[in-house]
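Reading the structure
Given next are the chains, with one letter for each unit.
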Amino acid sequence: MAETYISDHWHDAPEGYRFSLTNVDDALWIPLSEAMALLSALPRPSVMPLRQYFAWRCSQGLISAKAGRLVQTFGDDPGAIEYRNMPITEEWASSYWSADHGEHWSTNAVRIVVNKPTGRQINQYLEITVDREGVELFRQLILAQNEPAPQSDVTTSTAGAENECREWLAGEFVRDTNKQRTRADFQSASLERFSGRLSARGFKRAWDAVAPNAGRSKPGRKS
């Protein structure tokens with residue numbers, strides 16, 4: 001029986017060499033289950049389901065995630081390779097991590113079986129944690145998404161302000177390629193940007209003129 005091999009480095013990653021996290025400060029990390037409990041108590045995110053949204057942010061590096069231990073076994077080989085504090089950013093791109101049946105959301109661990117032509121490989125990601133700062137920023141984003149859009153005191157808009165708003169919206173849509181911002185976000189920002197010259201109805205007219213062509217929404221839709 002082969003002995004378990006423990007390493008602080010990732011030697012055999014198919015996408016290339018990746019090193020483990022070093023000098024890990026445990027105070028900066030929070031168990032995945034604890035993070036999800038904190039976020040689940042908030043209003044539902046408006047962009048996509050919470051788990052899918054969370055996994056997407058991890059895959060983009062907006063929330064750092066690591067497995068305190070990654071244990072790999074291959075086929076019928078009784079031995080195993082164990083890595084410590086492995087970053088798992090790339091793994092989150094898989095739809096499995098955001099699926100409802102993923103046990104990692106409550107147990108901080110996941111077992112994935114990969115069947116290859118050369119044999120079966122089992123990856124066990126244990127002690128999954130995420131960075132506290134990333135979770136807090138995500139929490140603030142969810143809260144901001146659910147704040148009601150401020151109403152403008154202006155009852156009428158100038159034609160120039162509405163034209164400028166249309167141009168501004170078109171540019172913002174290009175920059176927001178992943179469609180993370182909601183209509184309420186854009187309305188709040190536009191009323192502040194064109195303060196005193198743009199009304200809520202003026203913003204609606206500008207939105208209806210630009211949003212459909214950008215694939216944002218149909219005219220008159222609120223989100």
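In every chain, residue numbers begin from 1 and rise along the written sequence. Where local features are concerned, this predicted model is filtered to residues with pLDDT of at least 70; where side-chain atom pairs are given and counted, the filter is 80 or more; whole-chain, interface and lining totals use all residues. Only heavy atoms go into the side-chain values, all of them from the structure, while hydrogens and water stay out.

**What about the overall build of the protein?**
- A helix here means a DSSP run of H or I that spans at least four residues, while a strand means a run of E at least two residues long, and both kinds are numbered starting from the N terminus. Helices and strands together make up the secondary structure of the protein, namely seven helices and eight strands.
- Should any heavy atoms of two residues lie within 4.5 Å, those residues are counted as being in contact. Within the protein, contacts between residues at least 6 apart in sequence are counted, and of these 64% link residues at least 24 apart.
- Areas reported here follow the Shrake-Rupley algorithm with a probe of radius 1.4 Å; residue values treat only the protein chains shown as occluding. Per element, the accessible surface of the protein, about 12600 Å² overall, is 50% carbon and sulfur.

**Some words on the confidence of the model for the protein**
- Across the protein, the average pLDDT comes to 82, with 84% of residues at or above 70.
- A residue's pLDDT is the predictor's confidence in that residue, given on a scale from 0 to 100. When pLDDT is averaged over each element of the protein, strand β4 (residues 29-31) comes out on top at 96 and strand β2 (residues 9-10) at the bottom at 60.
- Under a pLDDT of 50 for its full length, residues 218-223 has, in the predicted model, 10 contacts with residues more than four places off or in other chains.

**Here's the deal with the packing of helix α1 (residues 32-40) against helix α4 (residues 132-145)**
- Packing of α1 against α4 brings their axes to within 10 Å, and their N-to-C directions diverge by 15°. With respect to each other, α1 and α4 are oriented roughly parallel. For the pair α1 and α4, the sense of crossing is right-handed. Seen from α1, the contacting residues are Ala 35, Leu 38 and Leu 39; seen from α4, they are Val 135, Phe 138, Arg 139 and Ile 142.
- The class makeup of the residues in the contact of α1 with α4 is six nonpolar, no polar and one charged. Each axis is a line fitted through C-alpha atoms, and for a helix only the stretch in contact is used; angles between axes span 0 to 180 degrees, taken between their N-to-C directions. Our angle categories are set so that under 35 degrees counts as roughly parallel, over 145 as roughly antiparallel, 65 to 115 as roughly perpendicular, and the remainder as oblique. Crossings are sorted by hand: turned counterclockwise from the far helix by less than a right angle, the near helix makes the crossing left-handed, and turned clockwise it makes it right-handed. For this classification, the nonpolar set comprises Ala, Val, Leu, Ile, Met, Phe, Trp, Tyr, Cys and Pro, the charged set comprises Asp, Glu, Lys and Arg, and every other residue, Gly included, is treated as polar.

**What to know about the pattern of salt bridges**
- When a carboxyl oxygen of Asp or Glu lies within 4 Å of a side-chain nitrogen of Lys or Arg, that pair is called a salt bridge. Counted according to the given criterion, the structure contains 10 salt bridges.
- Residue Glu 172 pairs with Arg 181 through a salt bridge whose shortest N-O separation is 2.8 Å.
- Only protein chains enter the area calculation, which uses a 1.4 Å probe; residues under 20% of their type maximum are buried, those over 50% are exposed, and those in between are partly exposed. With relative accessibility at 13%, the residue Glu 172 sits in the buried group.
- The partly exposed category is assigned to Arg 181, whose relative accessible area is 27%.
- One salt bridge in this structure joins Arg 216 and Asp 176, with 3.1 Å as the shortest N-O distance. Of this pair, Arg 216 sits in the segment after α7 (200-210) while Asp 176 sits in the loop between α5 (159-175) and α6 (183-193), and the two are 40 residues apart along the sequence. For the pair Arg 216 and Asp 176, a shared accessibility class is recorded, and that class is buried.

**A word on the pairing of strand β6 (residues 81-87)**
- Burial of β6 is extensive: five of the seven residues sit out of reach of the surface.
- Whether two strands pair comes down to DSSP finding at least two bridges between them. Sheet topology places strand β5 (residues 65-74) next to β6; six bridges connect them, and they run antiparallel. Across the sheet, Leu 70 pairs through a bridge with Tyr 83, a residue of β6.
- The antiparallel pairing of β5 with β6 creates a hairpin that spans six residues between the two strands, and Gly 75 there sits at a positive phi of about 55°.

**Considerations on the nonpolar core**
- By convention a nonpolar core is built from buried Ala, Val, Leu, Ile, Met, Phe, Trp, Tyr and Cys residues, the set being connected through side-chain atoms within 4.5 Å. Counting 30 residues, the largest nonpolar core has Phe 54, Trp 92 and Val 130 as the members making the most contacts within it.
- Every element with two or more residues in this core is listed here: α1, α2 (50-59), β5, β6, β8 (119-131) and α4.
- Counting residues per element, this core draws most heavily on α2, at five residues.
- Excluding residues that lie within four positions of it along the chain, Phe 54 makes contacts with Leu 32, Met 36, Leu 39, Ile 63, Trp 92, Trp 105, Val 130 and Phe 138.
- With 14 residues, the next largest nonpolar core counts Cys 165, Trp 207, Val 210 and Ala 211 among its residues.

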